[in-house]
Amino acid sequence: MNSLCLPLIAKREFIEWRRDGRLLIAGGLSLIVMIAAVLVNVQRQVVAEGKRRAAEVLDYDSWLKQGNRHPHDAAHQGMYVFKPSPPLALFDPGITPFSGASIWLQAHQQSELRFRPAQDATGLQRFGTLSVSWVLQVLGPLIVIIFGFNVFSGEREQGTLRQTLSLGVSTRTLLWGKALALHGVMALILLPVLIATTVAVLYASVSAAALSDTALRLLLLSVGYAAYVSMMVFAVLAVSARMPTARASLLVLLGLWFASVMLAPRIAADVAEYLDPSPSRVEFNSKMASALDAAYKRAWAKELGSEKRWGGDVPLDRWGRALQVDDHAGYTIMDQHFKRLWDTYEKQNRTQEWAGLLAPMLSLRAYSMILAGTSFYDHRLFSHAAERQRRVMQDIVSDDLVKNADAHSHTHGEQAHFTYQADARLWASVPRFSYQTPLAKEALGRSVVGFAVLLTGLALAIGAALWASAHRPE
Amino acid sequence: MNGILEALAVSKRFGETLALDGVSLQVNAGEVFCLLGANGAGKTTLVNIFLNFIAPTSGEARVDGRDVTRHALAAKRDMAYIPEQVMLYGVLSGLENLRYFAALATDEDLPERRALDLLRQVGLDETAARRRISEYSKGMRQKVGIAIASAKNAKAFLLDEPTSGLDPKAANEFSQLLRTARDKGVAVLTTTHDLFHAKQTGSRIGIMRRGRLVENLLAADISHLDLESLYLKHMSNQDE
Ligand SMILES: Nc1ncnc2c1ncn2[C@@H]1O[C@H](COP(=O)(O)OP(=O)(O)OP(=O)(O)O)[C@@H](O)[C@H]1O
Ligand SMILES: [Mg+2]
């Protein structure tokens, strides 16, 4: 092999793409779609974050200013907490569109999950979100196919492959030259997207600390996507090297694309569900409800000496205490049930990540969401924090009831329990919810599987391309 | 004298078909070896074996003393291949095709001036050279093929019916170019169905029949008429 050959081969491919219009039409359109996706998502992110901050302030403010009222009423009305959107959500919103960005904290109940659809969504269903990540994951391979389907097969059909090989150029040199060309054209299309994303993310990041964290995430994302695109390049080269005609290789490649990008996510979700079945919402709720019921009964019997919850056995001047007992009995049960459910979803996600060995997009999707900070795990962390906040609120309210309402009833008669009112001092003792999104370092650990699968796929694709180009009799 | 191209008892079997049956021949520097033979006689198969596009079942093909299967790339560097239809990139001009293939073959950039010179030598002026191959006639393509072969400085040319489909004038020009190459010391192995062409350009003439080289003559030793009757004799025995 010689240093002159590779750029020479690559340059010729470029001339061909330019002259047959592919560079301008396919390349230009792809670039426009991707830049549009960046812009749309920056806009969406900026608007959403603005709204979130405003709502957050407004909501806590109305909590503080709710006036004098019975603490348990206040707890029932509760408050909303809002999930901060990480800067890279503008690149990959992950499960956010399906999980929602706010959680209602109210008495007695841990908030429900709303993320199922994201796990089930096939590529097309997610089109509605037109995220940059989606465009790269789904359209990226298609762009590689458009430029690469005929690099070998077309030349074989035209006879120029034979002409080239008769010169004493090795198939391996030819392969690297063509790989260089395809990487080059993809870089030409994707670098502007990377630059646009970087600028957008800088614009969306608030603090300097957040900035360096985001920069690290962006770097790792770039590496992951580069590995994915590179894998596609070699896979396309491998198929093109095996196929007798350009048409045949286009058909095979489109078939593979459809199977791995459109069908595989659906199938992987089903397989994951089969391996680790998750309960339906009704099932989950009724199971948890009966477990809660038993726990409440036990706690009431033990702590309050009552058979019946909220019955007449417990005098009203102990209802504050009763609330406390009731809440605490529920916490462990909820923790257990949610943990089991969420662990199931995590296992399903893992399965899908490994399924990336067959359909690489699945690994990239997981890797991308994790590094963007919009994965299921991030949602789980946030939900945890929200639930902690709910319990803080609950405990403060119940403690206050024990201290004041129960005592109030001692002196003013049982019904006085309900006439007790707390004031702004109590509301202010519930801290403002603040949530720190996890650091890139932590995401890094969780992205290892996805990355390993991507690298394995890349190695396999390179191997396949080398084998295919060397083993076709001309 | 050592041959540039040497076939040593080369046989090739495709399933049931014995396409080549112990063919031995030698083409020296400055010689044009014309291979005649009916359709399916094995001419193309022999050319393909020299180019290592296919491997012989037994025997050995050598280029400048090197076994082509063991030194495939090096052997190809010494050869230039011109098929019945020289395959070039349609969207590139003749000039661009020549510069591309020449650079691939030699690892060196072929300056535009030099490339235009080479094209002029094969009869393509600058206007023609700058047109896209998709607008070329068959004869023009064959000429680019010769230009590539000369740019490559190959020791041997392997041609498979290079003039079939060319009009007499173009075929004649082509033969002239082959003779020029021969005079520069190139060993030429060409297949053809054109007896006249063979007698005119060949220094040696071989006739193949069912995978075997049945005649191997010095062109100077045989008259055109004798060649014709010899050829027809082998043709008529084809089905024996
Ligand atoms: N790839 C192949 N697979 C099977 N049989 C083949 C293959 N290539 C050639 N043959 C057979 O080998 C024999 C010799 O074919 P070849 O193409 O070498 O003939 P040829 O002398 O070049 O004929 P023509 O004058 O028609 O070009 C024929 O019987 C042909 O059918
Ligand atoms: Mg033939």
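Everything that follows concerns the structure shown earlier in this document.
Our subject in this report is the structure included herewith. (Residues numbered from 1 in each chain as written. Chains lettered and ligands numbered in written order. Predicted model: local features only at pLDDT ≥ 70, side-chain atom pairs only at ≥ 80, totals over all residues. Heavy atoms only, no water.)

Residue and element names in this part refer to chain B. With respect to spatial proximity, 13 residues lie near ligand 1, and among them G40, G42, K43, T44 and T45 are the closest. At 2.7 Å, a backbone N or O of G40 approaches an oxygen atom of ligand 1. About the coverage of ligand 1: the protein hides 59% of its 630 Å² of free accessible area. Elements with a minimum of two residues in the shell around ligand 1: β2 (17-27) and α1 (43-50). If you tally residues by element for the shell around ligand 1, the top one is α1, at three residues. By residue class, the composition of the shell around ligand 1 is four nonpolar, seven polar and two charged. (Near = heavy atom within 4 Å. Polar contact = N/O pair within 3.5 Å; in protein donor to acceptor, adjacent residues only side chain to side chain. Areas by Shrake-Rupley, 256 points an atom, 1.4 Å probe, with all protein chains shown as cover. Helix = DSSP H or I, 4+ residues; strand = E, 2+ residues; numbered from the N terminus. Nonpolar A, V, L, I, M, F, W, Y, C, P; charged D, E, K, R; others polar.)

Let's shift gears to the layout of surface pockets. All names here are of chain A. In this structure, the second largest pocket occupies an estimated 540 Å³ of space. Surrounding the second largest pocket, 28 residues form its lining, M232, A235, L256, L358 and P360 being those nearest its centre. Within the residue set of the lining of the second largest pocket, elements represented by two or more residues are α6 (132-148), α10 (208-242), α11 (246-275), α14 (360-372) and α19 (448-470). Class assignment for the residues of the lining of the second largest pocket results in 25 nonpolar, three polar and no charged. (1 Å grid on protein atoms, 1.4 Å probe; cavity = no way out; pocket = protein on both sides within 12 Å on 5 of 7 lines; lining within 4 Å. Points joined across faces, edges and corners; volume = space filled by probe spheres on them.)

Let us now look at the sheet that holds strand β3 (residues 32-37) of chain B. Residue and element names in this part refer to chain B. Across the sheet, which stays open at both edges, the six strands sit in the order β6-β7-β8-β3-β9-β10 with mixed pairing between neighbours. Each end of this open sheet is capped by a strand with a single partner; those strands are β6 (79-82) and β10 (212-218). Averaged over all adjacent pairs, the angle separating strand axes in this sheet is 15°, with direction ignored. The sheet contact formed by β3 and strand β9 (residues 204-209) spans five bridges and is parallel. Among the inter-strand pairings, C34 is bridged to a residue of β9, identified as I205. (Pairing = 2+ DSSP bridges. Axes fitted to C-alpha atoms, helices over the stretch in contact; angles between N-to-C directions.)

Turning our eyes to something else, we now look at helix α7 (residues 168-183) of chain B. Residues and elements named next belong to chain B. Taking 1.5 Å of rise per residue, 16 residues should cover 22 Å, and α7 covers 22 Å from first to last C-alpha, within 8% of that figure. Buried within α7 are the following residues: A170, A171, F174, S175, L177, L178, R179 and A181. Looking at the buried positions of α7, the neighbouring elements they touch are β6, α4 (112-121), α6 (138-152), β7 (156-160), β8 (187-191) and α8 (195-201). A positive backbone phi angle near 100° is found at G185, which sits one or two residues after α7. (Expected span 1.5 Å × (residues − 1). Buried < 20%, exposed > 50% of the residue type's maximum accessible area, 1.4 Å probe, protein only. Contact = heavy atoms within 4.5 Å.)

For E13 of chain A, the location among the structural elements is in helix α1 (residues 5-19). With near-sequence residues (within four places) excluded, E13 of chain A lies in contact with V151, E155, K178 and A181 of chain A.

Turning our attention to the nonpolar core. The biggest cluster of nonpolar side chains holds 161 residues, and the ones touching the most others in it are L237 of chain A together with L5, F50, M79, L98, L119 and F157 of chain B. The dominant element in this core, judged by the number of residues it contributes, is α10 of chain A, at 15 residues. Residues from two domains meet in this core; each of domain 1 (3-78 + 155-236) and domain 2 (89-154) of chain B gives at least three. With near-sequence residues (within four places) excluded, F50 of chain B lies in contact with L5, E6, A7, A61, R62, V63, V68, M79, L158 and L189 of chain B. Residues A405, Y420, A422 and W427 of chain A belong to the second largest nonpolar core, which totals 24 residues. (Core = buried A, V, L, I, M, F, W, Y, C linked by side-chain atoms within 4.5 Å. Domains from an automatic or database assignment.)

Attention now goes to the interface of chain A and chain B. Taken together, the contact between chain A and chain B spans 23 residues of the former and 29 residues of the latter. Roughly 2400 Å² of surface becomes buried between chain A and chain B when both sides are summed, with 61% attributable to carbon and sulfur atoms. Per-residue buried area on chain A facing chain B is highest for R19, Q163 and L167 of chain A; these three make up 27% of the total on that side. Along the contact surface separating chain A from chain B lie one salt bridge. (Buried area = accessible area lost by both parts, 1.4 Å probe. Salt bridge = Lys/Arg side-chain N within 4 Å of Asp/Glu carboxyl O.)

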